[in-house]
Amino acid sequence: MSYLKVDHITKSFGNNKVLTDISIDFEKGEIHSLIGENGAGKSTLMKIIGGIYQADSGQILIDGKPANMRDPVEAYGHGIGIVHQELSIAGNMTAAQNVFVNNEPVKKCGFIDWNRLYADAAAEFEKIGANIDPKAIAGTLSVGMQQMIEISKVLSKDVNVLILDEPTSALSDNEIENLFRILLELKERGKLIIFISHKLNEITRISDRVSVLRDGVCTGTLDREDMEVQTIIRMMVGRSIDALYPPKAKRRDNKKALTIEHISRKGKFSDVSFDIRYGEITGMFGLVGAGRTECAFSVFGADKMDEGQVYLDGKQVRFKNPAQAIREGLCYLSEDRKALGLFVDMTVKENTVAACLKSMCRYGEFLDENRIRENTENYIKELDIHPEDCRNYKVRNLSGGNQQKVLFAKWLAAKPKILIVDEPARGVDVGAKTMIHHILRQLADTGMAVWMISSELPEILGVSDRVIVMHEGHCRGILENVGLTEEDIMRTAFREEVRHE
Amino acid sequence: MNKRKGILSFGRINFHYLVLIVMIFIVTAAMTVYSPYFLTVNNLQVLIDTFIMEAVMALGMTMVIISGGIDLTVAGILPFSSIILALLLMREVPFGIAAVLVLLAAAAIGCLTNLLRRSLNLHPMVVTMAIAAVIKGVDLTITGGSAVSGLPESFTRLGAVRILGMPVSWIVYIILAAVFLYFSKNNRWFLQVFFVGGNEDAAKLSGIKVEALYRNVYVISAVLAAVAGILTAITYSSASYSYGTNADLRVITTVAIGGTSLTHGGSGSIAGTLLGTLFMAIIYNAFVMSGISTYYQDVVTGVFLIAAVLLSEGIKVLKERKS
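As the structure is a computational prediction, the values presented were derived from the model and not from experiment.

Caption draft 1: Summary view of the overall build of chain A. The secondary structure content of chain A amounts to 18 helices and 22 strands. Against the globule reference of 23 Å for 501 residues, chain A gives a C-alpha radius of gyration of 25 Å, in line with a compact fold. Principal axes of the C-alpha set define a box for chain A whose edges measure 75 × 55 × 45 Å. Within chain A, the fraction of its 501 residues that count as buried is 56%. Sequence-distant contacts, at least 24 apart, represent 66% of the contacts inside chain A between residues at least 6 apart. As presented, chain A carries roughly 21,100 Å² of accessible surface, and 48% of it is formed by carbon and sulfur atoms.

Have a look at this one:
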């Protein structure tokens, strides 16, 4: 009988089915890993176990008894604690205060017992062998230390199940070693550790069992003996591509638009070289943290670049700000359309001219209302933005797919020669997604160079002519998309790991 | 998707403007009934004269607030400009040159505001509050706390000049308001202020030079405060550290009543500020007329500030609920 049992869990957000009939058994005293592509449903499943989300159907069993958890506090009551991917440290408070946040030891009359607070925190740190001064200000500690504080915070509530969501993504090698040592110790003490990651080498190293999620379905659980990188990759990606994707480039003259040589940015990516060509779509694949967006940011002038050269049409360039890049015909469509792309409280009309205001002016600095309206109407028609009369609508009131099209309109209006699109179809419905992919192909066919960043393998394979594979800040290979499979790409991404096996 | 139609939008008229216009009518009607003197030429002149400095500064403040910031230096710059102008004039500097020097000094203060905001990464509230305190201290130190009077006759005559029957300050305000209103609808730079206030990161990635824009916004606000200072000196033929006390509060309230959001940038309008200016001017005048102590003015200003924020946020919440 397993300790924690996930039993036929299904979960949807709106029409988007995130988890389908998931059943996994977890035992005490094991490190059980969950792996899957971005969007496979790992975090959602953990949030259901942690009481943050509620399943639409199915149940969680603890020791054979159904556990009904409506919020994280109730999950704690059942002995389940989560350390989230984004740490929730109060940077201005001491390490000890962070450990016992909202759980402070008190004296009579409700005053905080400071001596006990610091003594207890020191004891908690001692337990996991973390060398942290309880009185240190949390914000001044390293990310690894802050994570230890988070782990102490969860363990101080006497949990039996510790869930860690992508715990290593921000840690240095030493910190990762230290974390693994702590996890193995906790396992020895009989705790259940659920470890979420997309780093195969870490998973194969420390887990006793691994469960693989793909598109919200659990494709199987492997025991330690069967844990082979190749098997896991196949379980992660084994699916066929439907015919929703546009045709490939008709003619390719290999004329280089951007040539990028040995560019590096400390802590983000290093020694990356590739080129982007006119008339084709170059896909750039990488999982979260692979350094794809960072790379595009540096080329676009939104972030600095430490080393390396960038050539645009054979001429060396180094953009200091996006304005310079846009002037030279290089545009960047952000993956985060709400935070970095659109002005959601402004109208569709205003949004579509945000990146091309100069070209909308007459008499110097005065906007030509007619030209702006014409521009907006054109793109509403061309990109089929709904509703048709949305010119004066606030962008906030449009659906996700239509917002994404407005973002496309904003950048197309800037008349780019080279267009970087970062997760161009994220968070939109299938119809809009297909449409966006066809738009990208049309743009490439008219001679534009398209650099498409994506972490979705089907999208990469379905749309791109060539694929750049990024992993952990390095370019691991550039592949021609001829007979390419998802496994080929994954194997290229995990090349180093496979070699070390 | 016909979310725009409904009780909260009357065709193309902004609901907020409508509320303001109705309130202006109500107060005007009530005051006319209360006092036959209210709607006389004499009183309307007083009404405008008492609020014209705030009216000038509200134009610049609107831009600052739309960009997502706030400028508390204006209440310091106004008396500072009048004092510097007066001192220059008394040293027989011609008015034109003195005025230009004062405006340049104000522009420098605006640049300093932005420089501190940017390099120390401080909230503009903190930076401008500190700078305002320093300027007020300088005002007091220079004047020793007393008014500067005895300005050259060539200058004091300006206060009596009438163009089309209007004093210089009115003319200046009418020109400024017209330019701001026109620019706010058509000018590329003005639209960029909205973009930056609405989403600074997206604006940066859209190729807008965000830092230069912030600097310009604070310079404009400071220069308009200096214009108000010069106009004050012309109107009263003197200069004093006490001019414009609490003007910052009145100016910000005016802008907020006009529907420019204090809580998040990117929304607001010059047209709204003009309506807000009219409303506030009438309210202050109504106070004087009805014999309520002017001591209560700040109380009322505070109440209106909260009411304005509630109104604009309330409309927003209602709209969101509907959609």
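Caption draft 2: Quick peek at the overall build of chain B. Check the secondary structure of chain B and you find 13 helices and 4 strands. Relative to the globule expectation of 20 Å for 323 residues, the C-alpha radius of gyration of chain B, 20 Å, shows essentially globular dimensions. Along the first, second and third principal axes, the C-alpha atoms of chain B reach 65 × 55 × 35 Å. When burial is assessed residue by residue, chain B has 50% of its 323 residues classed as buried. Accessible area for chain B stands at about 14,600 Å²; split by element, carbon and sulfur atoms hold 68% of it. Distance between charge centres in chain B, computed from 20 positive and 13 negative side chains, equals 13 Å.

Caption draft 3: Representation of the packing of helix H5 (residues 143–155) of chain A against helix H6 (residues 173–188) of chain A. Residue and element names in this part refer to chain A. At their nearest, the axes of H5 and H6 sit 10 Å apart, and the two run at 15° to each other. With respect to each other, H5 and H6 are oriented roughly parallel. Where H5 crosses over H6, the handedness of that crossing is right-handed. For the pair formed by H5 and H6, the contact residues are Val143, Gly144, Met145, Gln147, Met148, Ile151 and Leu155 on the first element and Glu175, Asn178, Leu179, Ile182 and Leu186 on the second. Residues that form the contact of H5 with H6 fall into these classes: 8 nonpolar, 3 polar and 1 charged.

Caption draft 4: The arrangement of the interface of chain A and chain B in detail. The partner chain B presents 26 residues to the 35 residues of chain A that form the contact. For the pairing of chain A and chain B, the buried interface totals around 2,600 Å² over both sides, and the portion due to carbon and sulfur atoms is 63%. One can count 1 salt bridge joining chain A with chain B. Run the count over chain A and chain B and you get 7 residue pairs in polar contact (both at pLDDT 80 or more). Among the secondary structure elements, those contributing two or more residues to the side of chain A that touches chain B are helix H9 (292–300), helix H10 (322–327), helix H11 (337–341), strand E18 (366–367) and helix H14 (400–412) of chain A. Partitioning the side of chain A that touches chain B into residue classes produces 23 nonpolar, 4 polar and 8 charged.

Caption draft 5: Region of the structure containing the pairing of strand E7 (residues 161–165) of chain A. All names here are of chain A. For E7, the tally of buried residues reaches 5 of 5 residues, placing the bulk of the element in the interior. When strand E6 (residues 80–83) meets E7, the two strands line up parallel, connected through 4 bridges. In the strand pairing of E7, isoleucine 80 is matched with valine 161. Looking at chain direction, E7 and strand E8 (residues 192–196) are connected through 5 bridges and run parallel.

Caption draft 6: Structural detail: the packing of helix H8 (residues 229–237) of chain A against helix H17 (residues 486–493) of chain A. Residue and element names in this part refer to chain A. Packing of H8 against H17 brings their axes to within 10 Å, and their N-to-C directions diverge by 130°. As far as their axial angle goes, H17 and H8 are oblique. In the packing of H8 onto H17, the handedness of the crossing is right-handed. In this structure, H8 uses Gln230, Ile233, Arg234, Met236 and Val237 to contact H17, whose residues at the interface are Glu486, Glu487, Met490 and Arg491. By residue class, the composition of the contact of H8 with H17 is 4 nonpolar, 1 polar and 4 charged.

Caption draft 7: Here's a closer look at the nonpolar core. Core analysis: the biggest nonpolar cluster contains 217 residues, and Leu162, Leu183, Leu258, Trp411, Trp451 and Ile489 of chain A have the highest contact counts within it. Looking at which element gives the most residues to this core, the answer is helix H10 (residues 210–236) of chain B, with 15 residues. With sequence-adjacent residues up to four places away left out, tryptophan 451 of chain A is seen in contact with Leu258, Ile260, Phe274, Ile276, Thr282, Met284, Ala296, Val299, Leu419, Ile420 and Val421 of chain A. The next biggest cluster of nonpolar side chains, apart from the first, holds 29 residues, and it includes Phe26, Ile49, Ala75 and Leu213 of chain A.

Each value, and the rule that gives it
Residues numbered from 1 in each chain as written. Chains lettered and ligands numbered in written order. Predicted model: local features only at pLDDT ≥ 70, side-chain atom pairs only at ≥ 80, totals over all residues. Heavy atoms only, no water. Helix = DSSP H or I, 4+ residues; strand = E, 2+ residues; numbered from the N terminus. Rg over C-alpha atoms; globule rule 2.2 N^0.38 Å. Buried < 20%, exposed > 50% of the residue type's maximum accessible area, 1.4 Å probe, protein only. Contact = heavy atoms within 4.5 Å. Areas by Shrake-Rupley, 256 points an atom, 1.4 Å probe, with all protein chains shown as cover. Lys, Arg positive; Asp, Glu negative; His and termini not counted. Charge placed at Lys NZ, Arg CZ, Asp CG, Glu CD. Axes fitted to C-alpha atoms, helices over the stretch in contact; angles between N-to-C directions. Parallel < 35°, antiparallel > 145°, perpendicular 65-115°, else oblique. Left-handed = near helix turned anticlockwise from the far one by under 90°. Nonpolar A, V, L, I, M, F, W, Y, C, P; charged D, E, K, R; others polar. Buried area = accessible area lost by both parts, 1.4 Å probe. Salt bridge = Lys/Arg side-chain N within 4 Å of Asp/Glu carboxyl O. Polar contact = N/O pair within 3.5 Å; in protein donor to acceptor, adjacent residues only side chain to side chain. Pairing = 2+ DSSP bridges. Core = buried A, V, L, I, M, F, W, Y, C linked by side-chain atoms within 4.5 Å.

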